[in-house]
Every structure is written in C-alpha cells, then in structure tokens.
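Structural overview for review
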Amino acid sequence: MSTAAPTRDAEPLTLQVTGMSCASCVARVERTLKKVPGVHEASVNLATERAAVRAERGVGAQVLADAVRRAGFGVATVETRLKVEGMTCASCSGRVERALSRLPGVISASVNLATETATVQALSTLPVPTLVAAVEKAGYGARPADEGRPAAAPRWPEWAPAAASAALTLPLVAPMVAALAGRDAMLPGHWQLLLASVVQFVFGARFYRAGWKALRAGSGNMDLLVALGTSAAWGLSTWLLATHGGGHAMPHLYYEASAAVITLVLLGKWLETRAKRQTGEAIRALQALRPATARVRRDGVELDVPVEAVRVGELVVVRPGERLPVDGEIVEGRSHLDESLITGESLPVARGPGERATGGSVNADGLLIVKTLAVGTETTLARIIRLVESAQAAKAPIQRQVDRVSAVFVPVVLGLAALTFAGWWLAGAGAETALINAVAVLVIACPCALGLATPTAIMVGTGVAARHGILIRDAEALETAHAVQVVAFDKTGTLTEGRPALAAIEPAPGVDTADALRAAAALQQASEHPLARAVMERAAADGLQPPPVQDARAQPGRGVEGRVDGADLRLGSTRWMTELGMAPGALAPSATAHEQAGRSVSWLARTGADGRVEALALLAFGDTVKPAAHDAVARLEAAGLRTVMLTGDNRGSAEAVAAALGIDEVRAEVLPGDKAAAVQALRAGGLRVAMVGDGLNDAPALAAADVGIAMATGTDVAMETAAVTLMRGDPRLVADAIDISRRTTAKIRQGLFWAFAYNVLGIPLAAFGLLSPVVAGAAMAASSVSVVTNALLLRRWRPAGESQ
C-alpha cells in the first residue's frame, strides 16, 4: 500500500460507489482503493456514497472502478454521446478516442467514424463540457448528441464545392486528353497557375485546416496527406514556371495533378457522405413514426396537445389512418394495426378492447380509444430507437484491431513518401520525378476506407434487422452471432404458444363428440380459467353454441359442476373424479397416453339418479406448438447449427414437442436456477451457444450464453438481459438474426480486405512510379466510396420468409 504524500502529479477522482450499507463497507472500499498501485489517498463517505481518490496520472478510472467491483460493490457511471464534427478518416476517430480516454474519470471511449459520434463511459461526476473541451483541444468540434439543436442550413448545396472545383479543373485536364489526339490546347502557364491556385487554396482549404489541427495535436490524418501531396505538386509547378517560364519552351507543369486530386477527393467525400447518410435511414424511419401531437379526451372534450404533454392514464383518440402517439391499452373500438416498421410483421394485426397497442403503429380502419400506458422515452418505439442507436454507435471487437493499424498509418505513409523521394533522387531520376512519385504515394494512401469498413456495415446491418423486427443491442453481439454453433431453445412461449389449448376430446362409447364438447363449454362459459378459455375457443372454432347452465358452481382446485339440459354434470381433474368414485372405463388407456405425453387430462362426467358418476368424455389439454417453429428448427439445422431444448417442463411433454419439431437433444425438468449451468455445459469445448427464451426464469441463461436472444412477447427482464430481441414471437426470426449477422460480418471482412489490399497494392505501385498523382487521387477517392457502397448492399436483405 502506498503511503506517500500526494504529489503535484496526483489527479483527484471521485467515484459514486453503490451497495455500501455500513462503516465496514466504507473501510473495505478504502482498503481496496489504497492497494491500487499509484493511489496516494482514498477517502469514502457513506452518506454521499462517494469515494475521493488522489492518484498518479497513469491510474485510470477503469482501474479504480474494477477494484471497487472486485470488492463486491458497484460504481455508478454515466454514458454520454457526443456529436463530433470534422473527422475525415480513421486517424481522426482514433485521435478523438485517445483524447477522451486520457481524461481523468473516463472509463472508456468509443468513436464511430460512420455515425460521427463518440460514446463515453465516465464517472457520474464528470461534466459534459469537460468532454467537449477535450475533443475541441484535439482539433474537432463536439456537442451533446441529444442536444436537439437543428442543423444550420448550408449556404451552398453539398455538391457545390466539388462541382465548382471540377469546373476550374477541367481546363487543366482537357489539354491532356487533347494531346492524345495530337492537338496542342495547353493553357498558358499563368492561366494554369490562376485556376490551380483557386482550387488549391479555396476549395482545398479544408484539407489545410484539418491537417494543421492534426499536426498541432501531434498526429496526422488523410487531410494532412492530401494537403502535403497537392501542395508539393503545386509548389513544384510554380517553381518551374517561375524559373523556366520566361523562355520559349514551356516546362512541364503539374497543376492539373494538384487540382484534379483535390477535385476527386472532394467528389469522393461528397459521394461518401451521401452513402453514409443512407446507412442511417433505419433510425430516421423509426423516428418518423413518432407523431408530434395526440388527440386526448379531457373532461369529455377532445383536445390536440403535443405528444410530450400526454400523461399516463389519459385516453387518446386515434382515428383511421393515424399513427398511435403512445403505448396503451385499447378500451373502445376495434381495428387492424399496421406494426410493420416496429415488429417487422408485414400484415396488419387485429386489435380490440383489452389488447395492447404500440405507439408508432398505423390505425387502419376503425376509431380507437386508447388508455395511455407509456409516453416519451418509456414507449416501445423509444426503446427500439435507443437500442438501434446504441448498436450503431458501438465499436465491434474487430474494429479495435483496425484502429491500432490506423494509429500508425499516416506516419508510416509519410516515411514511405520520404523514402520514395530519396530513392528516385539517388537513382538519378531527378528531383522533379522523385517529387511526383512521392506525391502519388501521399495521395493514394487512404486510411478512410479502413475506418469506414466496419461501422458502415454495422449501421446498415443493425438498421435493416430492426426494420424486420430484429433488435441487435450492440456490435459485439452482431459479430459474435455469426459464429454460433448451438442454438438452445426454451419451450414454453418460445417454441409453443405458452397457453393451453384443447388438444383432444375423446368421448366414451355411445357419446357424441360434439354433444360432449357442447356440454363442457356450457359448464365453462362463465369461467376465466385458462383451461376454460381453451374449451370455449375449441367450441367456437367448431361452430358449437353451448346450451345454458343452471346452478353452476366452481370447486376450487378440482373443477366445475352444474345442470345442463337437465343432467347433473361435472368437469374436472382426475383427482376429483377419483374422489367421486368415477371409473374411466374404456378411456383409461387414452388417459394414460395423454399424461405420458405431458398433457393435462380433465373429465366430463354425469351423475345418475342412483348417485353413480360415469365418464362421458376425456379432455386433454396441451401447449400448442407455434406454426412457424418447425420451419425455424429446420432452417437452423440446414444452416449447420445444432438445436437443443432446455425446459423446466416434464420430460414427456418436452420430448413430444421436440419430436414434432425435429429437435434431437432435450434437457427437460431443468430448474430455473440450473438453466445457466446447462448453457455453460453446452459451451464446453469452445462451442458458441445462443440461448432463446422469453420468461423471467430465462434471464440467467440468456446472460450465460454467447448470444442471448429474447422474444419481445415475453418479460422485460429477458429483453434487458438479451443481446438480441425479436419484436414478435416468431421463432423463425432466430435463423434470420443469425443470417443477418453472418452477412454483416461478411461485408465487414470484404470491406477490410479491399481497404487493406488497396493500400498494400496501391502504395508500392505509386512508389515505383507506375501511378500518376491524378490516378492515385481517383483511386483514393474511389476506395472509400466503394467500401460504403458495398456495405449498402445489405439493405437488400430480407428474412427468408419474405423472399419466398
């Protein structure tokens, strides 16, 4: 433990510690913090739950937070998202990331070049202006991403600088084309100087500004390479014009190279910006679903109010063709709701009184009165937007490896350009040729493609997945899901409907099936029991109208009895019937078979005049398999994935469902607390496991899996725990989630391959004099555009069910 007095290098840090309850907790936290190397002093206040720490500069907030967590307590953190302005390549995003990470109190910082955002995990006491100042010191602009400030309208269209630069460059490039046809159309040298200077110092000023900021921060970026390369070509041409332009022979000038490179880079950046904007269209489509106003009923009067002013519990009136402004429960009216942009369900779904309605859905054909259950940030739509934004702003593990390469990219390129110049000059080619080849090396190098390959693919992949009802929480989950080898399913509510249905009704000899079902429905028509609803649904489906019942009485834990068509009838459990002395007779084998299959058995019985109870019919109830479950399992098996069922239900029921679906491996009667251990056992040997569930008891297993996949039809706990959420209870979406993960990962790898291959091939070609600066500039501009365009092809992805 360090006992040295605080030094001038000591940095004060404050941690918000959670979970402390007494003085011994305070002492344990203090002891733990003082043991951290570099910590000079630690003081913990139980009342404020804060720990004040003075430590050397090298001791980061992450180290201190980890120490507190190891001691058994928590550390409160706050996530801040900043909109960063002025980044142009991976070197820029890396510099912003390093600037933020060096701040005392920052636990982690992740900068996304494609979204131009920085996500900072910091101690809760770190003010946002401090983060903004750090970004500005690094040479960039920053503001809170949720500031809501409208963007200033640009004075010129985005394409205008590239177009104007191209117009001035054309007279410089056109004579080169004319020379191929044997015509001399070269402009006088001073005209070339004028045109090229406007392009260089007016339209190319952005490269000088950004490059200078990078130099002041002790780093380099793409702008610095372009500024150095084009300045060298312009400077060489100006020197040649000044020293040789007075004679009869016009020296060869390179103004067209400097101007063309700037024009091509501007054009590439404009195309890149347009393409990047398309990658974020999923978020904009979701945000557009939020109506600005709502029609509320207050004191019997309908008022149009801002949606932010709607309170929980208020009644909202939604007319046909309008979007629901809030999440709520329908209290009046029936309609069909189009939820396609929220759940991915292409067909409108029927909704009536007592059913939930999701904000953002379109009311198709009926007037609805909806009781507000959630508004603002608590609505389903707001949660979806937060999840997608979080996933798109996150950094995939593979990107961190790329960032390490990007950090040294620009210095290496500058060194290669210097070597190129020295090599050609020493080889006797002359300073002019040496400089032009060095310029080509500077211009062709492109760190932008490296920085864009991963985030653009993730943005498009998570966006298109969200539009089809698949919410991917973070980039790591997207990258992990493609390598899944085993998919473990919970049974109830995941592969089955999660509610009982009348699986079979078998009458005793001499009894008509329809009469037995009518009598059972008569006894159950006043009950709200799940089994009663199952009987009523079956009767309605068969078109049977139950007769009236007299003297109906419920027998808690046993069943129900009453008089139907003059007969004393009972409907209830096997145990009750045994107590009444009923003999199953010819139905006994069927009852045994149903019970072994995991179904619940009830009996319809009649009491005769002599008091004897005789069986009229056997009713077997089971949880019905979802219609799409068989196709879901078949698709996973066809993709080479192993499927397993993990359930707490009895083995007979589990094996019956597994056999119907084609699942070979069943682990039944697993206690809720043991599900996570079962998932860990499946992971043995390095297998990647995805767990699919919907219930509260599935949450530990979802967290234990490599990828947790939750049905949104289940509990909020399951959804919060899972890395992937399926917005509707269709198990086929599991295969779709893995498919979009594989396709997105493939796009990431393709983008990185071409980005690396482009630089590995292009830089040597330029160094050996096989590429002119103009061709190099065109290739550099094309590389970033091609990477983003390739990622945009993911927008064509559709779930397998929609492509058929």
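Residues numbered from 1 in each chain as written. Predicted model: local features only at pLDDT ≥ 70, side-chain atom pairs only at ≥ 80, totals over all residues. Heavy atoms only, no water.

**What about the overall build of the protein?**
When you go through the protein residue by residue, the secondary structure sums to 28 helices and 29 strands. Against the 2.2 N^0.38 benchmark of 28 Å for 804 residues, the protein shows a C-alpha radius of gyration of 35 Å, more extended than a compact globule. Of all 804 residues assigned to the protein, the portion counted as buried reaches 48%. Considering only intrachain contacts with a sequence separation of at least 6, the fraction spanning at least 24 residues in the protein is 68%. In the structure as shown, the protein presents an accessible area of about 36000 Å², 57% of it carried by carbon and sulfur atoms. (Helix = DSSP H or I, 4+ residues; strand = E, 2+ residues; numbered from the N terminus. Rg over C-alpha atoms; globule rule 2.2 N^0.38 Å. Buried < 20%, exposed > 50% of the residue type's maximum accessible area, 1.4 Å probe, protein only. Contact = heavy atoms within 4.5 Å. Areas by Shrake-Rupley, 256 points an atom, 1.4 Å probe, with all protein chains shown as cover.)

**Thoughts on the environment of Val120**
Structurally, Val120 is set in strand β6 (residues 117–123). Setting aside chain neighbours within four positions, we find Val120 in contact with Val78, Glu79, Thr80, Leu100, Val106, Ser108, Ala109 and Leu131.

**Here's the deal with the pairing of strand β22 (residues 567–573)**
Here strand β21 (residues 559–564) pairs with β22 via six bridges, running antiparallel. When the bridges of β22 are listed, Gly559 appears paired with Gly572. Between β21 and β22, which pair antiparallel one after the other, the connecting turn spans two residues, and Asp565 there sits at a positive phi close to 50 degrees. Two strands pair when backbone bridges link them, and β22 and strand β23 (residues 600–607) are joined in this way by six bridges, in the antiparallel orientation. Each bridged residue has a counterpart across the sheet, and for Arg570 the counterpart in β23 is Ala605. (Pairing = 2+ DSSP bridges.)

**So, the packing of aromatic side chains**
Taken as a whole and assessed by the stated rule, the structure comprises four aromatic pairs. Residues Phe201 and Tyr208 carry aromatic rings whose centres are separated by 5.9 Å and whose planes lie at 20 degrees to one another, so their mutual orientation is stacked. Judged by relative accessible area, which is 40%, Phe201 ranks as partly exposed. A centroid spacing of 5.0 Å and a plane angle of 85 degrees characterise the contact between Phe201 and Trp234, whose relative ring orientation is edge-to-face. (Phe/Tyr/Trp six-rings, centres within 6.5 Å; stacked < 30°, edge-to-face > 60°.)

**Description of unusual backbone geometry**
Despite not being glycine, Asp551 has its phi angle at roughly 55 degrees, a positive value. The topology assignment puts Asp551 in strand β20 (residues 549–555). Look at Asp565: it is not a glycine, yet its phi comes out positive at around 50 degrees. Topologically, Asp565 is positioned in the loop between β21 and β22. For Asp565, a relative accessible area of 62% puts it in the exposed group.

**Describing the environment of Ala260**
Summarising the element assignment, Ala260 is placed in helix α9 (residues 255–279). By relative accessible area, which is 7% here, Ala260 ends up buried. Sequence spacing of Ala260 and Leu170 is 90 residues, and the spatial spacing of their C-alpha atoms is 8.4 Å. Residues within four places of Ala260 in sequence aside, it is in contact with Thr169, Val173 and Val774.

**Things to note about the packing of helix α6 (residues 189–203) against helix α7 (residues 205–216)**
Any two packed helices are characterised by how steeply their axes cross, that is the angle between the axes, and by the distance between the axes. Where α6 meets α7, the axes come as close as 4 Å, and the angle between the chain directions of the two elements is 40 degrees. Taken together, the axes of α6 and α7 lie oblique to each other. For the pair α6 and α7, contact is made by Gln200, Phe201, Val202 and Phe203 and by Ala205, Arg206 and Tyr208, respectively. Here the residues of the contact of α6 with α7 are counted per class, giving five nonpolar, one polar and one charged. (Axes fitted to C-alpha atoms, helices over the stretch in contact; angles between N-to-C directions. Parallel < 35°, antiparallel > 145°, perpendicular 65-115°, else oblique. Nonpolar A, V, L, I, M, F, W, Y, C, P; charged D, E, K, R; others polar.)

**Quick word on the UniProt feature "transmembrane region" (unreviewed entry) in the protein**
Per the UniProt record, "transmembrane region" (unreviewed entry) is annotated on residues 159–178, 190–208, 220–241, 253–271, 405–427, 433–453, 751–768 and 774–794. Its end C-alpha atoms 31 Å apart, residues 220–241 is made of 91% helix and 0% strand. Strand forms 0% of residues 253–271 and helix 89%; the C-alpha atoms that close the span are 29 Å apart. (UniProt positions renumbered as here; feature names shortened; annotations may be inferred.)

**Observations concerning the environment of Arg533**
Its place among the elements puts Arg533 in helix α18 (residues 530–541). Separated by 62 residues in sequence, Arg533 and Glu595 place their C-alpha atoms 21 Å apart.

**Observations regarding the confidence of the model for the protein**
When pLDDT is averaged along the protein, the result is 82, and 90% of the positions lie at 70 or above. The low-confidence segment residues 1–8, where pLDDT is below 50, has eleven contacts with residues more than four positions distant or belonging to other chains. Across residues 148–153, where pLDDT falls below 50, the model places two contacts with residues more than four positions away in sequence or in other chains. (pLDDT = per-residue confidence, 0-100.)

**Considerations on the sheet that holds strand β18 (residues 486–489)**
Read across the open sheet, the seven strands follow the order β17-β29-β28-β27-β18-β25-β26; overall the sheet is mixed. In this open sheet, the two edge strands, each paired with only one partner strand, are β17 (470–472) and β26 (665–667). For this sheet, the mean angle separating the axes of adjacent strands, direction not counted, is 20 degrees. Relative to the sheet, helix α23 (residues 675–682) contacts β18, β25 (642–646), β26 and β27 (689–693), its axis offset from that of β25 by approximately 160 degrees.

**Quick word on the domain arrangement of the protein**
With domains assigned, the protein is organised as domain 1 (7–75), domain 2 (81–146), domain 3 (160–282 + 392–456 + 746–794), domain 4 (294–378), domain 5 (469–496 + 625–745) and domain 6 (499–624). A straight line from the C-alpha centre of domain 1 to that of domain 5 covers 40 Å. (Domains from an automatic or database assignment.)

**Quick notes on the side chain of Asn790**
Along the chain, Asn790 turns up in helix α27 (residues 773–792). For Asn790, a relative accessible area of 18% translates into the label buried. Dropping the residues within four chain positions of it, Asn790 is found in contact with Lys747, Gln750 and Gly751.

**Regarding the pattern of salt bridges**
In total, this model carries 23 salt bridges according to the counting rule given. Here Asp304 makes a salt bridge to Arg295, at a shortest N to O gap of 3.5 Å. The partner of Glu579 in a salt bridge is Arg558, and the shortest N-O contact between them spans 3.0 Å. Of this pair, Glu579 sits in helix α19 (residues 574–580) while Arg558 sits in the loop between β20 and β21, placing them 21 residues apart in sequence. The exposure class of Glu579 is partly exposed, given its relative accessible area of 45%. A residue is classified by how much of its surface remains accessible, and Arg558, at 35% relative accessible area, is partly exposed. Among the ionic contacts, a cluster of salt bridges with common partners joins Arg295, Asp304 and Glu322. (Salt bridge = Lys/Arg side-chain N within 4 Å of Asp/Glu carboxyl O.)

**Some remarks on the nonpolar core**
Among the nonpolar cores identified, the biggest contains 123 residues, and Leu100, Ile470, Val487, Val724 and Val734 are the most heavily contacted of them. Top contributing element to this core by residue count: helix α26 (residues 732–767), with 13 residues. What Val487 contacts, discounting residues up to four positions off in sequence, is Leu636, Leu641, Arg642, Thr643, Val644, Ala690, Val692, Val734 and Ile738. In this structure, Leu13, Val26, Val44 and Val75 belong to the second largest nonpolar core, which totals 26 residues. (Core = buried A, V, L, I, M, F, W, Y, C linked by side-chain atoms within 4.5 Å.)

**Let's talk about the sheet that holds strand β11 (residues 327–332)**
As summarised here, the arrangement of the six strands in space is β9-β8-β10-β16-β11-β14, forming an open sheet in which the pairing is antiparallel. The strands lining the two open edges of the sheet, one partner per strand, are β9 (301–306) and β14 (356–357). In this structure, β11 lies alongside strand β16 (residues 368–374), joined through five bridges in antiparallel fashion. Its bridge partner being in β16, Gly328 is matched across the sheet by Thr372.

**Remarks on a positive patch on the surface**
On the surface, Arg206, Arg209, Lys213 and Arg216 cluster together into a patch of positive charge. Among the secondary structure elements, Arg216 is positioned in helix α7. Its relative accessible area of 58% is what places Arg216 among the exposed residues. (Patch = residues over 30% accessible without salt bridge, like charges linked within 9 Å, V, L, I, M, F, W, Y side chains within 5 Å. Lys, Arg positive; Asp, Glu negative; His and termini not counted. Charge placed at Lys NZ, Arg CZ, Asp CG, Glu CD.)

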